[in-house]
Amino acid sequence: MKTCNMNTSLPTAINLPPPSYPAPPPPPWLGLFNTPLIHIQEPISSDSSPSNPSDTPDSIDDYPPIPSDSSNTNFSSQKPSLNILPSIIKTFLYSNQVNHKPEYQKWVEWVKGNGYENGRVVYSDHLPVLLASTSSDGIDVLSIPTGRGGLRIPRMVKSFSHSDITHITKIFSCFNVTGIPQVQASGFVHFEGIQLMVDHIAKDRVSDIACNFISSWLIDYTIQQCDLLKIPCEQCQLDVYAYDMHKFVKETVNLPVLPTTKSPLLFVPKRWLRLDPWLGYDDYYQRHFPKTSGAVIAAGSRIDILTYNRQNYGLVEAYVKEKERTHADCRNDPLFSPIPVLSVKRKLSMVQKIPSGTKDAADKKYEDAICQLMASLLYPQLDFADEQSRVDSGVLIRDMIFYNNRSYKFLKDIYDEYDCRQIVVELKNVKEIEREHINQVNRYLKDQFGRFAIIMTRNPPPKPMFRNTIDLWSAQRRCILILDDSDLAMMCGLFASRQRLPVDVIMKKYVEFTRACPG
Amino acid sequence: MIKRETIDAFEKTQAQMEALHREIAALSRKSPNDGVNIFKLGLINKVVHTTNQLLGETYRPFADFDSFDENNLPTVSDVAMVLAQYLNCLEKYRADNVHVYQGYWCWCTGAGEDCIRTAQPKKLEGK
């Protein structure tokens, strides 16, 4: 499943006063399918800051509402920053937890129906539905121009080719012909298991399939969010799965569309996103596939492994059972993983060795290292770091921006004081900060960002330059903090020791700054 | 003259201050520029506050220092240095309020009160 992260752009356009809208009703199969298409930011409570990803609330109600204010919503004036994230729907079925859910029952019946009907296996009869569910015109972000950093998963919209269909049909038929007794008896208890036995179906396809089955709820959710955030919508036609008819039917709904291609977009709660499914081929191969037996010799490629799995279904079954047993660990994994402590120390050491100036692309190296460091150091208090954020014209390029989700008291303070919706960080690999640098950052501080920015540089600013920032505050109530290498080292130290949060260093600089301000 | 309750409070505070200094100094040797977490800082501030009350304006090491500001993110070495100052001032306070009685160092308690023994002032050790 390809996911479009609009977090860095959507909230930008919105004034975020204290919110009040009810959280969307949880879908009956919450926990069954976590399907990311496009996810929108769900701000974390301003008075609680999860210190680690595992603190993520479990239920929808645990999440505070999205703040919204339509007064300053102006999407047309901004170029959305669409970051492609490969995320996966979580289709792990907790049968013991949600058996009472009628939708779940429908889903299970459907899955089982593909494997078992009237005492015999009839995969081929249901295969068209399965294959249809893997294409997702209308709800995919298929027209997002490019992925980033090689995070590509095959396009969700890509339909199976004729040969693929033939191949998959053949494989499904094999279940019938060769007979895996367990599958014949009960079908796929966990639908993800399909990727361990059938080629051309991997986690993205599984995600696509599940996504299509819950598209009805996603549409409702998207419409609700669009109403709240005043996002313009257009009429689109989508395929929605009808549980009663066991087929996809066309529905006309109002959804936001990608400006460039008019492709419909669906929003998905952030907490639904996973990088890897709980039951997955990679996990299976790395941790459960026998490496010592003849299996590994026989299994030279993925196809060999899948064949081996079909012939040794007990192995797959054992894997699934173990995953069932440890399902408590199946929580949403964060989309961003901070770099480890050791890497932070290495990066800091690297930064300290980079000479100031532009010789040998030192400035570029400095920017790259700082971007990685800052994104990790300030996570999760500041999330969704975006590098080289450009305006439409491309004239202004902000080195780094963070979405201010007000998850920390200090962040809430600067939000209240300076309307700081996004924190602009400017990186200057210069020996000494100059007036022009401060003026440049000052120009970046537009309404949608607020009046707070940070300059990262190599050395403490000269007194006149610090005075300059104070004057700026006096005249325009704009706060520009200047952090140097020693502050960065302190942040890294705090990150490693975990005694305080690295974001406290910014708070410390802010306190120093405010004490120097007149009055 | 010094009251018995004050002596009790002093001895408790001095013991706490010494323990805190010992801990923080050990951390400081390892990573002097590290931050002190909020929990530790809260406890340290409590002891510092008690010490300030005990020492009064005369013996306080810094007239304008009341406690550590959490927002200022004091480093371990900062805290260690300040605690060392407080320890010395506590000792100065003690040295000014003890005397030798029948060959033992005792607190200067009021007339008629029992003699409360204490250690020799550190500045006289080795002399």
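Being a predicted model, the structure only gives us computed values, none of them experimental.

Asks: Honestly, the overall build of chain B in this entry has me stumped. Any pointers?
Replies: The secondary structure content of chain B amounts to three helices and two strands. Put simply, chain B runs from its N terminus to its C terminus through helices and strands in the order α-α-α-β-β. Counting the 127 residues in chain B, one finds 23% classified as buried. For chain B, long-range pairs separated by at least 24 residues make up 70% of all intrachain contacts whose partners lie at least 6 apart in sequence.

Asks: How should I be thinking about the pairing of strand 9 (residues 422-427) of chain A in this particular structure?
Replies: Working note: regular strand, side chains alternate between the two faces of the sheet. All names here are of chain A. Of all six residues in strand 9, six are buried; the element is thus mostly enclosed. Residues Gln422, Val424 and Glu426 point to one face of strand 9 and Ile423, Val425 and Leu427 to the other, with burial holding for every one of them. Sheet analysis places strand 9 next to strand 10 (residues 452-456), joined by four bridges and oriented parallel. By the bridge assignment, Leu427 is partnered in strand 10 with Met456.

Asks: For this particular structure, what's the right way to read the interface of chain A and chain B?
Replies: You'll often see interface size given as the accessible area lost when the parts meet. With 11 residues of chain A at the interface, the matching set in chain B holds nine residues. Contributing elements (two or more residues each) for the side of chain A that touches chain B: helix 17 (485-497) and helix 18 (503-516) of chain A. Looking at which element gives the most residues to the side of chain A that touches chain B, the answer is helix 18 of chain A, with five residues. Per-class residue counts for the side of chain A that touches chain B are five nonpolar, three polar and three charged.

Asks: What is the right way to look at helix 2 (residues 38-59) of chain B in this model?
Replies: Helical periodicity: at 3.6 residues per turn, an α-helix aligns residues three or four positions apart in one direction. Residue and element names in this part refer to chain B. With 22 residues, helix 2 should cover 32 Å at 1.5 Å per step; its first-to-last C-alpha distance of 27 Å lies more than 12% under that length. When the local axis directions of helix 2 are compared, the greatest deviation, roughly 55°, occurs at Gln53. Among all positions in helix 2, only Leu41, Ile44, Val47, Val48 and Thr51 are buried. Buried-residue contacts for helix 2 involve helix 1 (4-30) and helix 3 (76-95).

Asks: Sorry if this is basic, but what is going on with the packing of helix 2 of chain B against helix 3 of chain B here?
Replies: How two helices pack is summed up by the angle between their axes together with the distance between the axes. Residue and element names in this part refer to chain B. It is at 10 Å that the axes of helix 2 and helix 3 come closest, and there the two elements cross at 40°. By the criterion of interaxial angle, the relationship of helix 2 to helix 3 is oblique. As for the relative orientation of helix 2 and helix 3, their crossing is left-handed in sense. Between helix 2, through Ile44, Val48, Thr51, Leu55 and Tyr59, and helix 3, the contact on the second element is made entirely by Val79, Tyr86, Cys89, Leu90, Lys92 and Tyr93.

Analysis parameters
Residues numbered from 1 in each chain as written. Chains lettered and ligands numbered in written order. Predicted model: local features only at pLDDT ≥ 70, side-chain atom pairs only at ≥ 80, totals over all residues. Helix = DSSP H or I, 4+ residues; strand = E, 2+ residues; numbered from the N terminus. Buried ≥ 20, exposed ≤ 12 C-beta atoms within 10 Å, placed from the backbone. Contact = placed C-beta atoms within 7 Å. Pairing = 2+ DSSP bridges. Nonpolar A, V, L, I, M, F, W, Y, C, P; charged D, E, K, R; others polar. Expected span 1.5 Å × (residues − 1). Bend = angle between axes of the 7 residues up to and from the residue. Axes fitted to C-alpha atoms, helices over the stretch in contact; angles between N-to-C directions. Parallel < 35°, antiparallel > 145°, perpendicular 65-115°, else oblique. Left-handed = near helix turned anticlockwise from the far one by under 90°.

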